[in-house]
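For reference, the chains in residue letters:
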Amino acid sequence: MLGNWVSDPPGKGSYPTIKPFNYTEEVQIYHIGQPMLNFSFNAFHLETKKPLHRECGFIRIQPGTTKVAFISAQNTGIVEVEEGEVRGQELTISSHSVARMSFAKAPHVQMIKRTFRLIDGKLEQVVSMATETEPMTQHLYITYRKVSP
């Protein structure tokens, strides 16, 4: 997963409470010598290229196991810890805790689940979420190609 990635083709987003949309995204996954990975996800409007969703954080692996923690802060005012496991070329994580700023837009996210897969040199991400008003539903699907190590 290390490296710089860009969406190829554009990602697809949908949810029962919003109109379906397409977007582009740039991803950086890197390390600075600590026993964790740092990441940033930067999404952009497909046509206008205006910045949309942003998130950054850390991926930690519990030593001697396949257990992973994904710690994320988002520009929407959400901070979350997701936990899960690596199995082969797949990382599946789901919310352990979700916190938000006091004036975050409703309906509030209650749970997030992500699956990352490495397939034929590409990185795929599927994001599902549940809110106060909607059950767990797929929200995003995107595939990235690596542009640099």
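Reference entry: report on the structure contained in this document. (Residues numbered from 1 in each chain as written. Predicted model: local features only at pLDDT ≥ 70, side-chain atom pairs only at ≥ 80, totals over all residues. Heavy atoms only, no water.)

1. Structural notes on the pairing of strand S10 (residues 122-131)
Defined as follows: Buried means the residue's accessible area, taken with a 1.4 Å probe over protein chains only, is under 20% of the maximum for its type, while exposed means over 50%, and partly exposed covers the values in between. In this description a helix means any DSSP run of H or I spanning at least four residues, a strand means any run of E spanning at least two, and both kinds are numbered starting from the N terminus. Two strands qualify as a pair provided DSSP detects at least 2 bridges between them.
Counting buried positions over the 10 residues of S10 gives nine, a clear majority of the element. Relative to S10, strand S9 (residues 109-119) runs antiparallel, the two sharing 10 bridges. Along S10, the bridge assignment pairs Thr115 with Val126. Between S9 and S10, which pair antiparallel in sequence order, lie two residues; one of them, Asp120, sits at a positive phi of approximately 50 degrees. Between S10 and strand S11 (residues 137-148), which follow one another and run antiparallel, lie five residues.

2. Quick look at the nonpolar core
What counts here: Nine residue types can take part in a nonpolar core, namely buried Ala, Val, Leu, Ile, Met, Phe, Trp, Tyr and Cys, and a core is a set of them joined through side-chain atoms within 4.5 Å. Whether two residues are in contact is decided by their heavy atoms, any of which lying within 4.5 Å being enough.
Within the largest apolar cluster, 23 residues are counted, with the highest numbers of intra-cluster contacts made by Val27, Phe39, Phe41, Phe70, Phe116, Leu123 and Tyr144. Those elements giving two or more residues to this core turn out to be strand S3 (18-30), strand S4 (36-45), strand S6 (67-74), strand S8 (90-100), S9, S10 and S11. Here Phe116 is in contact with Met1, Phe41, Phe70, Gln89, Glu90, Leu91, Ile93, Leu123, Glu124 and Gln125, once residues within four sequence places are set aside.

3. Looking at the environment of Thr65
Counted only if it meets this: In protein, a polar contact means a hydrogen-donor-capable atom and an acceptor-capable atom, both N or O and within 3.5 Å, with residues adjacent in sequence counting only if both atoms are side-chain atoms; elsewhere, any N or O pair within 3.5 Å suffices.
Note on placement: Thr65 falls in the loop between strand S5 (51-61) and S6. Look at Thr65 and you get partly exposed, because its relative accessible area is 33%. Along the chain, Thr65 and Val86 lie 21 residues apart, while their C-alpha atoms are 9.1 Å from each other. Within the local environment of Thr65, its side chain forms a polar contact with the backbone oxygen of Gln62, the two atoms lying 2.8 Å apart. Within the structure, the side chain of Thr65 is placed 3.0 Å from the backbone nitrogen of Lys67, a separation counted as a polar contact.

4. Let's talk about the pairing of S6
The pairing of S5 with S6 spans seven bridges and is classified as antiparallel. Paired with Ile61 across the bridge in S6 is Val68. Here S5 folds back onto S6 in antiparallel fashion, the turn holding five residues, of which Gly64 has a positive phi close to 75 degrees. One ladder, built from seven bridges, connects S6 with strand S7 (residues 78-87); its direction is antiparallel. Note that in S7 the partner of Lys67 across the bridge is Glu85. Between S6 and S7, which pair antiparallel in sequence order, lie three residues; one of them, Gly77, sits at a positive phi of approximately 95 degrees.

5. A look at the environment of Gln34
As for its position among the elements, Gln34 is in the loop between S3 and S4. What makes Gln34 partly exposed here is its relative accessible area of 41%.

6. Overview of the side chain of Asn42
Within the element layout of this structure, Asn42 appears in strand S4. Polar contacts involving the side chain of Asn42 include one to the side chain of Arg54, which spans 3.2 Å.

7. Quick word on unusual backbone geometry
Asp8 connects to Pro9 through a cis peptide bond whose omega is 0 degrees. Following the sequence through the fold, Pro9 ends up in the loop between strand S1 (3-7) and strand S2 (11-15). Residue Pro107 follows Ala106 across a cis peptide bond; omega there is 0 degrees. Inspection of the secondary structure puts Pro107 in the loop between S8 and S9. Even without being glycine, Lys49 reaches a positive phi, approximately 65 degrees. For Asp120, which is not a glycine, the phi torsion comes out positive at approximately 50 degrees. Relative to the assigned elements, Asp120 resides in the loop between S9 and S10.

Read these as layout, nothing more, since geometry by itself doesn't imply function.
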